[in-house]
Amino acid sequence: MSSRLENANPVIFQRSGERLLTGSEADEDVHDPIDDREIFDLIRSINDPEHPLSLEELNVVEQVRVKVDDAGSTVGIEFTPTIPHCSMATLIGLSIKVKLLRSLPDRFKIDVHITPGTHASEDAVNKQLADKERVAAALENSSLLEVVNQCLSTRNM
């Protein structure tokens, strides 16, 4: 990573509140379908690779851009880079995908892509994120995996 920030002064958004669990959600014996908010809760705290802020704080991820079909075992995430030429877009998308791959049951098909019209190279980035072999190869690169893990590490909010 270069020391020069592409977006030196990003707009910072307020974090949404923590979700209160209902009695049935807390009960492990009750089937609780995975919903949009649960997925958003998994990805909202992912760290931005350039700034000491979460993807939620930068409005890169929003709950309205999370779509879950528990019965169909699909999860769709649209994310919005902070600037149209963000060179970190693929890394951000990869971090979201890895977080979900590590957190969800194997039955889920995960689609992570850029919000249409928000990035100059959205087609190329989306193609990379949709290619299982490319994602697997990226995760075999120890340097790249280290950066992804830094994005996924817990940070005090």
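Residues numbered from 1 in each chain as written. Predicted model: local features only at pLDDT ≥ 70, side-chain atom pairs only at ≥ 80, totals over all residues. Heavy atoms only, no water.

The name an unreviewed UniProt entry assigns to the protein is Cytosolic iron-sulfur assembly component 2B, from the organism Neogobius melanostomus.

### What to know about the pairing of strand β1 (residues 66-69)
Across the two faces of β1 the burial differs, with Val 66 and Val 68 buried and Lys 67 and Asp 69 not buried at all. Where β1 hands over to strand β2 (residues 74-79), the hairpin turn is made up of four residues, of which Ser 73 adopts a positive phi near 55 degrees. (Buried < 20%, exposed > 50% of the residue type's maximum accessible area, 1.4 Å probe, protein only. Helix = DSSP H or I, 4+ residues; strand = E, 2+ residues; numbered from the N terminus. Pairing = 2+ DSSP bridges.)

### A look at the sheet that holds β1
Strand pairing in a sheet takes place through backbone hydrogen bonds and is either antiparallel or parallel in direction. Taken together, three strands build an open sheet; the order of strands is β1-β2-β3 and the sheet is mixed. Whereas interior strands pair on both sides, the edge strands pair on one side only; in this sheet they are β1 and β3 (109-114). Sheet twist, expressed as the mean angle between neighbouring strand axes with direction ignored, is 10 degrees. Across four bridges, β1 lies against β2 in antiparallel orientation. If you follow Val 68 over to β2, its bridge partner there is Val 75. On top of the sheet, helix α2 (residues 36-43) reaches β1 and β2; it is set at about 130 degrees to β1, its chief contact. Against the sheet, helix α4 (residues 122-130) makes contact with β2 and β3, and its axis sits at roughly 160 degrees relative to β3, the strand it touches most. (Axes fitted to C-alpha atoms, helices over the stretch in contact; angles between N-to-C directions. Contact = heavy atoms within 4.5 Å.)

### A look at the packing of helix α3 (residues 89-103) against helix α6 (residues 142-152)
Look at α3 against α6: their axes get within 9 Å of each other, and the N-to-C directions meet at 75 degrees. When the axis of α3 is compared with that of α6, the two are roughly perpendicular. Contact residues: Leu 91, Leu 94, Ser 95, Val 98, Lys 99 and Arg 102 in α3; Leu 144, Leu 145, Val 147, Val 148, Asn 149, Cys 151 and Leu 152 in α6. Of the residues that constitute the contact of α3 with α6, the class distribution is nine nonpolar, two polar and two charged. (Parallel < 35°, antiparallel > 145°, perpendicular 65-115°, else oblique. Nonpolar A, V, L, I, M, F, W, Y, C, P; charged D, E, K, R; others polar.)

### A word on the pattern of salt bridges
This model, assessed by the stated rule, comprises six salt bridges. Two residues, Glu 62 and Arg 65, come together in a salt bridge whose shortest N-O distance is 3.3 Å. According to the relative accessible area criterion, Arg 65 is partly exposed, its value standing at 29%. Here Asp 70 makes a salt bridge to Arg 107, at a shortest N to O gap of 2.9 Å. Remark: Arg 107 occurs in the loop between α3 and β3 and Asp 70 occurs in the loop between β1 and β2; sequence separation between them is 37 residues. Look at the salt bridges and you will find they share partners, linking Arg 37, Asp 41, Arg 44 and Glu 56 into a network. (Salt bridge = Lys/Arg side-chain N within 4 Å of Asp/Glu carboxyl O.)

### Some remarks on the environment of Leu 58
Summarising the element assignment, Leu 58 is placed in the loop between α2 and β1. A relative accessible area of 4% means that Leu 58 is categorised as buried. Residues Leu 58 and Pro 81 lie 23 residues apart in sequence; the distance between their C-alpha atoms is 8.7 Å.

### As for unusual backbone geometry
Positive phi values are uncommon outside glycine, yet Asn 59 reaches one of about 60 degrees. Of note in the backbone geometry, Ser 73 takes a positive phi value of approximately 55 degrees without being a glycine. As for its placement among the helices and strands, Ser 73 is situated in the loop between β1 and β2. A relative accessible area of 13% means that Ser 73 is categorised as buried.

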